[in-house]
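A closer look at the structure
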Amino acid sequence: MVDISYDVVVVGAGPAGSIAARYAAMAGARTLVIEEHAASGSPVQCTGLVSSKTLDVCDIEPGAWVYQKIKGAHIFSPESSSISIGGEKVRAYVIDRTIFDRHLLQRAAEAGADVMMKTKAIGLGPELGPGPRAGNSRGKKVLEVITNAKRLDISAGVVIGADGVQGSIARWSDLGQVQKLLLGVQIETAYDVENTDHVEVFLGTDVPGFFAWAVPLSENTARIGLCVDPARTHLSAYEHLKMFLHKNPRMKERLGKGCSDMLVGCIPLGPQSRTVADGVIITGDAAGQVKPTSGGGVYMGALCAKIAGEVAAKAALWDDTSAVGLMEYDRRWREVVGKELAVGMRIHKVFGRMGDEDFSELMRFFGEHEVLELINTYGDIDHPSLLVGKLLAKAKGKKLLGMFRVALKAIVGREL
């Protein structure tokens, strides 16, 4: 027995979920967003660093929730030498993700979407009808939820799974899991920040499979964290963070005492081979739509969520939400960001195999004046493929370390 009915039900009120709901509602679909927590944006699972393009894609202007405007980065090699990239252009923002997420959910509600907080999805199945439509050939679903200690069955033309890397919609729909998970940890702590308009990035095998960072909140406070590839270490991310804070010369010099906040989580990399099933679309972190080079998911998640909302609404209103009917979403999002995700995964994989000597050689190459000019001109954290092509052309004929040559070859798929 169905308790309530909607054209589109979005599971998860993070940025991807709220944007998908907004676009579904704007397309005329009766839309519902459910969120298992009491408030959107909590608990926080992000560094709070988003590119300037992210705000454009999310159709939102910078507000009081912006802590810092970021113009560049200081990148540190394993032996603590560094290069600085960037310029006068604002490339990113350090934000309060809780307020940011709530703004996006409010935009969805203003567009006409209903919202149910403290509502957890506990099951998903087909909506079976009598007569010639028995067997649910068109894909409608029934989502079982618990809200305010009460069980409800919600009929949905399309369920959009925006429930994150640990969500259930993809699993219940036999869409499988993302290709890879990184483990991360971050603290908010006292830190003597050198430049509030630059982030700091630390490379090396002390952070196996990824990198460490310091993101400024003020002149004396930063978010410091790292991610590791669990396939390359037997230690936890937290154990690696403790060692990094103890061993790294810059951390020992600038780090203050105490910790006002800590978060632990996972970063999903690599989308599933399919992101639709009968009556189901998955988007955002749940679909691995995360930049493998930086671990950021808001920008790509927003791009894909817009498509998810549009396609879900159209399919529901046309009364054909079968997997075949929803494949438009899979095709469209891959046309928009598929290349960048593929290039990013190749970069991630080869850099994950590099040793400290390789990173040092890479830093020397990046530190050359002409190379820095290329990075500052063409560097785009959201779209790295253009810069990779420019670096490849610059690297031709240079006597670079073998590992770096192998890395570039693997990234671009051809010989230097």
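Note: the structure precedes this text.
1. Quick look at a nonpolar patch on the surface
Together, Y238, M262 and V264 give the surface a local cluster of nonpolar side chains, amounting to about 280 Å² of exposed area. Within the element layout of this structure, M262 appears in strand β16 (residues 261–269). Residue M262 is classed as partly exposed on the basis of its relative accessible area, which comes to 40%.

2. Digging into the sheet that holds strand β5 (residues 72–76)
Here we have seven strands laid out as an open sheet, ordered β6-β5-β13-β14-β15-β12-β16, and mixed in their pairing. Only two strands of the sheet have a single neighbouring strand rather than two, namely β6 (82–86) and β16. Across this sheet, the average inter-strand angle for adjacent strands is 20°, counted without regard to direction. One ladder, built from nine bridges, connects strand β12 (residues 180–190) with β16; its direction is antiparallel. Within β16, the position partnered with L181 by the bridge is P268. Each of β12, β13 (198–202), β14 (212–218), β15 (221–228) and β16 is contacted by helix α5 (residues 237–247), which is oriented at about 125° to β15, the strand it contacts most.

3. Here's the deal with the nonpolar core
Grouped together as the largest cluster of nonpolar side chains are 50 residues, with contacts concentrated most on V8, C58, F100, I160, I281 and Y329. Among the elements that line this core, the one with the most residues is helix α7 (residues 298–317), at 14 residues. Excluding its chain neighbours within four sequence positions, the residues that come into contact with F100 are P15, L55, C58, I60, W65, I95 and V298. Counting residues in each nonpolar core, the second largest holds 30 residues, with I70, V199, V201 and M354 among its members.

4. A closer look at the environment of I154
Residue placement: I154 occurs in strand β11 (residues 150–161). Sequence spacing of I154 and I122 is 32 residues, and the spatial spacing of their C-alpha atoms is 11 Å. Contacts of I154, omitting those with residues within four sequence positions, involve V2, I4, Y6, V9, L32, K141, V142, L143 and V145.

5. What to know about the pattern of salt bridges
Counting across every chain of the model gives 21 salt bridges. Among the salt bridges present, the one from D7 reaches R30, with a minimum N-O distance of 3.0 Å. One end of the pair, D7, is in strand β1 (residues 4–11); the other, R30, is in the loop between α1 (15–26) and β2 (31–34), and 23 residues separate them in sequence. Given the relative accessible area of 11%, D7 is considered buried.

6. Some remarks on the packing of aromatic side chains
If you walk through the whole model with that rule in mind, you get six aromatic pairs. Residues F202 and F244 carry aromatic rings whose centres are separated by 5.2 Å and whose planes lie at 70° to one another, so their mutual orientation is edge-to-face. Of this pair, F202 sits in strand β13 while F244 sits in helix α5, and the two are 42 residues apart along the sequence. Judged by relative accessible area, F244 falls into the buried class, the value being 5%. Each member of the aromatic cluster is reached from another via a ring pair, and the members are F76, F202 and F244.

7. Details of empty space enclosed by the protein
Tallied over the entire structure, the rule returns three cavities of 30 Å³ or more. A volume near 60 Å³ is recorded for the largest cavity. Every residue lining the largest cavity is listed: G164, V165, G167, A170, G176, Q177, V178, Q272, D285 and A286. A breakdown of the residues in the lining of the largest cavity according to their chemical character gives four nonpolar, five polar and one charged.

8. Notes on the sheet that holds strand β3 (residues 49–51)
Here we have three strands laid out as an open sheet, ordered β3-β7-β4, and antiparallel in their pairing. What marks the edges here is a single partner per strand, and that holds for β3 and β4 (66–70). Between one strand and the next, the sheet's axes are offset by a mean angle of 25°, whatever the strand orientation. Across four bridges, the pairing between β4 and strand β7 (residues 92–95) is antiparallel. In the strand pairing of β7, Q68 is matched with V94.

9. Quick notes on helix α3 (residues 97–110)
Each α-helix winds once per 3.6 residues, and so residues spaced three or four apart point in a common direction. For α3, built from 14 residues, the straight-helix expectation of 20 Å at 1.5 Å per residue is met to within 8% by its first-to-last C-alpha distance of 20 Å. Regarding α3, the residues found buried are R97, T98, F100, D101, L104, L105 and A108. Relative to the axis of α3, the buried residues are bounded by an arc of 170° and lie together on one face. Contacts from the buried residues of α3 go to α1, β2, α2 (52–57), β7, β8 (114–116) and α7. Residue D96 occupies the N-cap position of α3, its side-chain oxygen lying 3.0 Å from the main-chain nitrogen of T98. Looking at the residues trailing α3, positive phi occurs at G112, about 120°.

Basis of the calculations
- Once a new chain begins, its residue numbering starts again from 1 and follows that chain's sequence as written.
- Side-chain atom pairs in this predicted model are given and counted only at pLDDT of 80 or more, local residue features only at pLDDT of at least 70, and totals for whole chains, interfaces and linings cover all residues.
- By convention in this description, side-chain values take in all heavy atoms of the structure and omit both hydrogens and water.
- Patch definition: residues above 30% relative accessible area lacking any salt bridge, with like charges linked at up to 9 Å and the nonpolar side chains Val, Leu, Ile, Met, Phe, Trp and Tyr linked at up to 5 Å.
- Note on areas: Shrake-Rupley, 1.4 Å probe, and residue coverage restricted to the protein chains presented here.
- Any carboxyl oxygen of Asp or Glu within 4 Å of a side-chain nitrogen of Lys or Arg constitutes a salt bridge here.
- Strands here are runs of E lasting at least two residues and helices are runs of H or I lasting at least four, both read from the DSSP assignment and numbered beginning at the N terminus.
- Residue burial is assigned from relative accessible area. The probe radius is 1.4 Å, only protein chains are included, and a residue is buried under 20% of its type maximum, exposed over 50%, and partly exposed in between.
- DSSP calls a pair of strands paired once it identifies at least 2 bridges connecting them.
- Axes here refer to lines fitted to C-alpha atoms; in helices the fit is confined to the stretch in contact. Angles between the N-to-C directions go from 0 to 180 degrees.
- It only takes one pair of heavy atoms within 4.5 Å for two residues to be counted as in contact.
- To qualify as a nonpolar core, a set must consist of buried Ala, Val, Leu, Ile, Met, Phe, Trp, Tyr and Cys residues joined through side-chain atoms within 4.5 Å.
- Aromatic rings from Phe, Tyr and Trp, taking only the six-membered ring of Trp, are treated as a pair when their centres fall within 6.5 Å; an angle between ring planes under 30 degrees marks them as stacked, one over 60 as edge-to-face, and anything in between as tilted.
- Space inside and on the surface of the protein is sampled on a 1 Å grid over the protein atoms alone, with a cavity defined as a set of points where a 1.4 Å probe fits but cannot get out and a pocket as an open set with protein on both sides within 12 Å along at least 5 of 7 lines; lining residues have an atom within 4 Å of a point.
- Grid points are joined across faces, edges and corners, and a volume is the space filled by probe spheres set on the points.
- The classification used treats Ala, Val, Leu, Ile, Met, Phe, Trp, Tyr, Cys and Pro as nonpolar, Asp, Glu, Lys and Arg as charged, and all other residues, Gly among them, as polar.
- One fewer than the residue count of a helix, multiplied by 1.5 Å, yields its expected span.
- Taken from the helix axis, the directions to the C-beta atoms give the arc we talk about.
- The definition of a polar contact used here is a pair of N or O atoms within 3.5 Å, where within protein one atom must be able to donate a hydrogen and the other to accept one, and adjacent residues in sequence count solely through side-chain atom pairs.

Everything listed here is a matter of coordinates, which is why it stays silent on function.
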